[in-house]
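Next come the chains, spelled out residue by residue.
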Amino acid sequence: MEKTKSFNIPKQLFVKAYKRVKANAGMAGVDEESLEDFERNLKDNLYQLWNRMSSGSYLPPPVKAVLIPKKTEGKRILGVPTVGDRICQMVVKLVFEPMVEPYFLSNSYGYRPNKSALEAVGITRQRCWKYDWVLEFDIKGLFDNIPHELLMKAVRKHTTEKWIILYIERWLKTPLQESDGKLNERNCGTPQGGVISPILSNLFLHYVFDRWMGKYHQEIPWCRYADDGLAHCQTEKQAQELLKELTRRFSECGLELHSGKTKIVYCKDGKRKRSYPNTMFDFLGYTFRRRLVKCTHRDSFFVSFTPMVSKLAAKTMRAEIRRHGLRNRTELSLREIATRYNPILRGWLNYYGCYGRSGMYSVLRHFNKSLVSWAVKKYKRFRGGKTKASKALEALASKEPKMFVHWEKGMIGGFA
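Here is a short report on the structure shown in this document. Just so you know, these numbers come straight off a predicted model, no measurement behind them. (Residues numbered from 1 in each chain as written. Predicted model: local features only at pLDDT ≥ 70, side-chain atom pairs only at ≥ 80, totals over all residues. Heavy atoms only, no water.)

Focus on the sheet that holds strand β8 (residues 263-266)
Logical step 1: The sheet built from 4 strands is open, its strands ordered β6-β7-β3-β8 with antiparallel pairing. Each having just a single partner strand, β6 (222-225) and β8 make up the two edges of the open sheet. Ignoring strand direction, the axes of neighbouring strands in this sheet form an average angle of 20°.
Logical step 2: Against the sheet, helix α10 (residues 236-252) makes contact with β3 (133-138), β7 (228-233) and β8, and its axis sits at roughly 20° relative to β3, the strand it touches most. (Pairing = 2+ DSSP bridges. Helix = DSSP H or I, 4+ residues; strand = E, 2+ residues; numbered from the N terminus. Axes fitted to C-alpha atoms, helices over the stretch in contact; angles between N-to-C directions. Contact = heavy atoms within 4.5 Å.)

Here it is, written out as structure tokens:
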């Protein structure tokens, strides 16, 4: 007969949490236990997690510190919890998220169910047409610097469940373990990479920024995706004043705006003629700037302020193609290559091709040129040079456009 548990946590939550964690994949934590290892004794492992969490005795193991490259330069630390700990965090998320989600505002898009980055790009595009100025802000080291006391105040505002409060507090204090085994204690922040971290950061910024804007600047539309945010202003002066206030507000709450990534931008287009140092900005993999755009209903062009895939995002995609070493995969047939790469290409096109599709041509051309190099290595008849291989693949794209997703969408991009 089982003893009465300190906390009433349904067992089925752990099965549901495990399925979510498995779908997200991820690497092993400090115990080097992979998902496959965990699954070998799945029933007992899940029971053990439930038993320990229900009794209040579960203590999170240290979080594995992994250095990953930043989008621009340098590296950042990603915290990787163990598989078991990710499941425990997911259990808390499954219960806590429905408690806080109804309170979050519509202009907050990051890490939320039924919200997407593309929606944030779309609403930003519309607002840039209506407002001349944008304050682009970025919070420096958000996940490393959130004050625990203020965050837990927000957590307690939305739940009285003692087990949720207990384990969130424990996760916030869980140390990071470096590759040499050294443990770094935490007195602020929440590890970037944890299952529960995104919802906690959203909850914190809901009060620090979202609600604050609604209270003091109802006239200014804003959009936030995690620690990246935009505020649309009528005048440069309004943007400057808001920047001063935001700098002070974040400082009061233990955070700092990133000076290199925070700026005021003039949305210059065909009608806005003013000269200003900043006339473009990057947001969620798109660059917003002045461009020549074709009218939808007539054969003419005009200058608009619109988004298109950023140079950095395009460069990253081309690097990904090179990393896969497609040109050297001569053991594969062309149809096998299509089967492997179409999901990747489809994902890129669905996101980065949503606005300003022509911006994807450089990426697609790079992929096609990799196919040409593959053909030259695979078939002796193309060894004399790439011209014959290019023409052959171009003819194939016309004959069988459904072989690759970008061929089918008419975004071939060229082969030479």
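With respect to the state of the cysteines
Logical step 1: Evaluation of the coordinates by the stated rule reveals 0 disulfides.
Logical step 2: The closest cysteine sulfur to the non-disulfide-bonded Cys267 is located on Cys128, 4.1 Å from its own sulfur.
Logical step 3: A disulfide-free cysteine, Cys354 has its sulfur positioned 14 Å from the sulfur of Cys223, the nearest such atom. (Disulfide = S-S within 2.5 Å.)

Overview of the packing of aromatic side chains
Logical step 1: Overall, the coordinates contain 23 aromatic pairs when judged by the stated rule.
Logical step 2: Taken together, the ring pairs in this structure connect Tyr341, Phe367, Phe404, Trp407 and Phe415 into an aromatic cluster.
Logical step 3: A cation sits over an aromatic face here: Lys378 above Tyr379, 5.9 Å from the ring centre.
Logical step 4: Lying across the ring of Tyr379, Arg381 places its NZ or CZ 4.9 Å from the centre. (Phe/Tyr/Trp six-rings, centres within 6.5 Å; stacked < 30°, edge-to-face > 60°. Lys NZ or Arg CZ within 6 Å of the ring centre and 35° of its normal.)

Digging into the pattern of salt bridges
Logical step 1: Tallied over the full model, the rule gives 13 salt bridges.
Logical step 2: The partner of Asp132 in a salt bridge is Arg272, and the shortest N-O contact between them spans 2.8 Å. Of this pair, Asp132 sits in the loop between α5 (117-130) and β3 while Arg272 sits in the loop between β8 and β9 (281-283), and the two are 140 residues apart along the sequence.
Logical step 3: Judged by its relative accessible area of 27%, Asp132 is partly exposed.
Logical step 4: A relative accessible area of 8% places Arg272 in the buried class.
Logical step 5: Note that Glu331 and Arg329 form a salt bridge whose closest N and O atoms lie 2.6 Å from each other.
Logical step 6: Where salt bridges share partners, they join Asp132, Asp269 and Arg272 into one cluster. (Salt bridge = Lys/Arg side-chain N within 4 Å of Asp/Glu carboxyl O. Buried < 20%, exposed > 50% of the residue type's maximum accessible area, 1.4 Å probe, protein only.)

Let's talk about helix α1 (residues 12-24)
Logical step 1: Spanning 13 residues, α1 covers 19 Å between terminal C-alpha atoms, matching the ideal 18 Å at 1.5 Å per step.
Logical step 2: The complete set of buried residues in α1 reads Leu13, Phe14, Ala17, Tyr18 and Val21. Taken around the axis of α1, the buried residues stretch over an arc of 135°, which confines them to a single face. Seen from the buried face of α1, the exposed residues on the opposite side, beyond 90 degrees, are Gln12, Lys19 and Ala23.
Logical step 3: Along its buried surface, α1 packs onto α2 (35-39), α3 (42-55) and α4 (83-100).
Logical step 4: At the C-terminal side of α1, Ala25 shows a positive phi close to 60°. (Expected span 1.5 Å × (residues − 1). Arc of directions from axis to C-beta.)

Structural notes on the sheet that holds β9
Logical step 1: Reading across the sheet, the 3 strands line up as β9-β10-β11 and stay open at both edges, with antiparallel pairing between neighbours. Only two strands of the sheet have a single neighbouring strand rather than two, namely β9 and β11 (301-309). Adjacent strand axes in the sheet meet at a mean angle of 50°, parallel and antiparallel pairs treated alike.

Quick look at the side chain of Asp227
Logical step 1: One can find Asp227 in the loop between β6 and β7.
Logical step 2: It turns out Asp227 is buried and unbridged, and the closest side chain with the opposite charge, Lys261, is 7.3 Å from it. (Lys, Arg positive; Asp, Glu negative; His and termini not counted.)

Any link to function would need more than the numbers given here.
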